Amino acid sequence: MYQELYAHDGWKALICCALMSRVSSFDTKDRCIRGFFKLCPTPSHVANVNVEELSYVVNSLGFQYERVRAISDITRAWLTRGDFTIDSIDESKGGNK
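Predicted model, so just to flag it, every value in this text is computed and none were measured.

Q: Can you tell me about the packing of helix 2 (residues 10-20) against helix 3 (residues 26-39), naming the residues and giving the values?
A: Two measures define how a pair of helices packs: the angle their axes make with one another and the distance between the axes. Look at helix 2 against helix 3: their axes get within 11 Å of each other, and the N-to-C directions meet at 140°. Accordingly, the angle class assigned to the pair helix 2 and helix 3 is oblique. Of the two possible hands of crossing, helix 2 and helix 3 adopt the one that is right-handed. Of the residues in helix 3, those touching helix 2 at Trp-11, Lys-12, Ile-15, Cys-16, Leu-19 and Met-20 are Lys-29, Ile-33, Phe-36 and Phe-37.

Q: Could you give me a rundown of helix 2, with the residues and numbers involved?
A: Of all 11 residues in helix 2, 9 are buried; the element is thus mostly enclosed. Residues of helix 2 that are buried: Gly-10, Trp-11, Lys-12, Ala-13, Ile-15, Cys-16, Ala-18, Leu-19 and Met-20. Count one or two residues on from helix 2 and you reach Arg-22, which has phi positive near 65°.

Q: Describe the nonpolar core, naming the residues involved and giving the relevant values.
A: Formed by 23 residues in total, the largest nonpolar core has its most connected members in Ile-15, Leu-19, Phe-36 and Phe-37. Listed by contribution, the elements that provide at least two residues to this core are helix 2, helix 3, helix 5 (51-58) and helix 6 (64-80). Top element by residues in this core is helix 2. It accounts for 7 residues. Every residue in contact with Phe-36, bar those within four places of it in the chain, is listed here: Trp-11, Ile-15, Leu-19, Val-46, Leu-54, Val-57 and Ile-71.

Q: Talk me through the side chain of Lys-29; I want residue IDs and the actual numbers.
A: Mapped onto the elements of the fold, Lys-29 is located in helix 3. Although Lys-29 is buried, it forms no salt bridge, and the closest oppositely charged side chain is Asp-30 at an N-O distance of 10 Å. Apart from the residues within four sequence positions on either side, Lys-29 is in contact with Met-20, Val-23, Ser-24 and Leu-61.

Q: A description of the environment of Val-68 should follow, citing residues and the corresponding values.
A: Turning to its location among the elements, Val-68 is positioned in helix 6. On the accessibility criterion, Val-68 (8% relative accessible area) is buried. Distance in space between the C-alpha atoms of Val-68 and Ala-18 is 9.2 Å, their sequence separation being 50 residues.

Rules of the game
- Residues numbered from 1 in each chain as written.
- Predicted model: local features only at pLDDT ≥ 70, side-chain atom pairs only at ≥ 80, totals over all residues.
- Heavy atoms only, no water.
- Axes fitted to C-alpha atoms, helices over the stretch in contact; angles between N-to-C directions.
- Helix = DSSP H or I, 4+ residues; strand = E, 2+ residues; numbered from the N terminus.
- Parallel < 35°, antiparallel > 145°, perpendicular 65-115°, else oblique.
- Left-handed = near helix turned anticlockwise from the far one by under 90°.
- Contact = heavy atoms within 4.5 Å.
- Buried < 20%, exposed > 50% of the residue type's maximum accessible area, 1.4 Å probe, protein only.
- Core = buried A, V, L, I, M, F, W, Y, C linked by side-chain atoms within 4.5 Å.
- Lys, Arg positive; Asp, Glu negative; His and termini not counted.
- Salt bridge = Lys/Arg side-chain N within 4 Å of Asp/Glu carboxyl O.

Quick look at the structure:
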């Protein structure tokens, strides 16, 4: 659901994937994803937020330090590597796996 909601914004879609993995509660995902994007609405904002703030926002998801590292890695790659393509086409119709 979130990947589709943010399909127009590749960075946000990737961040959603990192935050939602290994979490089953919709309410927890929703609260943490909304909290994260309130704190960091763009990739540039991630650089200006300290690790403790990020950890606090994603704490309920578990694995908060791994998630903060994933957020940092995704954002660094997003800002330095150029174009990313997110494929929202179903695998059965030739989309990415």
